[in-house]
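Coordinate analysis (summary)
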Amino acid sequence: MDYNYYDNYDIWNYATEIDSTTTATGLGVFGAMFIVYLVVAIIIAILQIVAMWKIFTKAGEKGWKSIIPIYNIVVLFKISGLSPWLILVYLAGIIPFIGWIACFIITIMQANGLAKSFGKSTAYTVGLIFLAPIFYMILGFSKAEYIGTKK
């Protein structure tokens, strides 16, 4: 008798078969998580835009300058007491390692200049470097006043 046990029960197809309801449930959960993430990201982005607008306004600049890419960094350097020409150092960011270090140093200088321009301490500079979105919102929405830069 030539009887194969696996003819009636195909274990390989059973083990690899994916149920359509499992797939739909997984996609639904993923979609819901993505939508929540997207809504939170949009809210944070809007808050950041408003905070930067308020920082620019406090510093005597027009708020619309904060939403123009690259130009907003030039104006932020001016508010922070740095030369706007330092934006060219950011172009060096495409150079591995050396460019990254240069960009990080300029970011530290900008954060320190911005903190000092609003009468904040060095600890605030550390906050601007490591938790920038939070500290920019604090600076924009607080009663901090722009005192200018020392030259």
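Placed above this text is the structure.
The notes below deal with the structure included here. Quick caveat: nothing in here was measured; it's all calculated off a predicted structure.

1. Observations regarding the packing of aromatic side chains
In the structure shown here, the tally under the stated rule is four aromatic pairs. For the pair Phe118 and Tyr146, a centre-to-centre distance of 5.4 Å together with 65° between the ring planes defines the contact as edge-to-face. Here Phe118, found in the loop between α5 (98-117) and α6 (122-130), pairs with Tyr146, found in the segment after α7 (132-141); they are 28 residues apart in sequence, far enough to count as distant. The partly exposed category is assigned to Tyr146, whose relative accessible area is 27%. For the pair Tyr124 and Phe135, a centre-to-centre distance of 5.0 Å together with 80° between the ring planes defines the contact as edge-to-face. Note that Tyr124 is positioned in helix α6 and Phe135 in helix α7, a separation of eleven residues in sequence.

2. Describing the layout of surface pockets
Of the voids in this model, the largest pocket is the one considered here, and its volume is about 190 Å³. Around the largest pocket sit Met52, Asn72, Ile73, Leu76, Phe77, Tyr90, Thr107, Gln110, Ala111, Leu128, Ala132 and Tyr136, which together line it. Counting residues per element, the lining of the largest pocket draws most heavily on helix α3 (residues 71-80), at four residues. Of the residues belonging to the lining of the largest pocket, the class tally is nine nonpolar, three polar and no charged.

3. Quick word on the pattern of salt bridges
One pass over the structure, following the stated rule, counts two salt bridges. With a shortest N-O distance of 2.9 Å, Glu61 and Lys65 are connected by a salt bridge. You'll find Glu61 and Lys65 in the same group, each marked buried. Residue Glu61 is classed as buried on the basis of its relative accessible area, which comes to 13%. In this structure, a network of salt bridges that share partners links the residues Glu61, Lys65 and Lys78.

Criteria and cut-off values
- Residues numbered from 1 in each chain as written.
- Predicted model: local features only at pLDDT ≥ 70, side-chain atom pairs only at ≥ 80, totals over all residues.
- Heavy atoms only, no water.
- Phe/Tyr/Trp six-rings, centres within 6.5 Å; stacked < 30°, edge-to-face > 60°.
- Helix = DSSP H or I, 4+ residues; strand = E, 2+ residues; numbered from the N terminus.
- Buried < 20%, exposed > 50% of the residue type's maximum accessible area, 1.4 Å probe, protein only.
- 1 Å grid on protein atoms, 1.4 Å probe; cavity = no way out; pocket = protein on both sides within 12 Å on 5 of 7 lines; lining within 4 Å.
- Points joined across faces, edges and corners; volume = space filled by probe spheres on them.
- Nonpolar A, V, L, I, M, F, W, Y, C, P; charged D, E, K, R; others polar.
- Salt bridge = Lys/Arg side-chain N within 4 Å of Asp/Glu carboxyl O.

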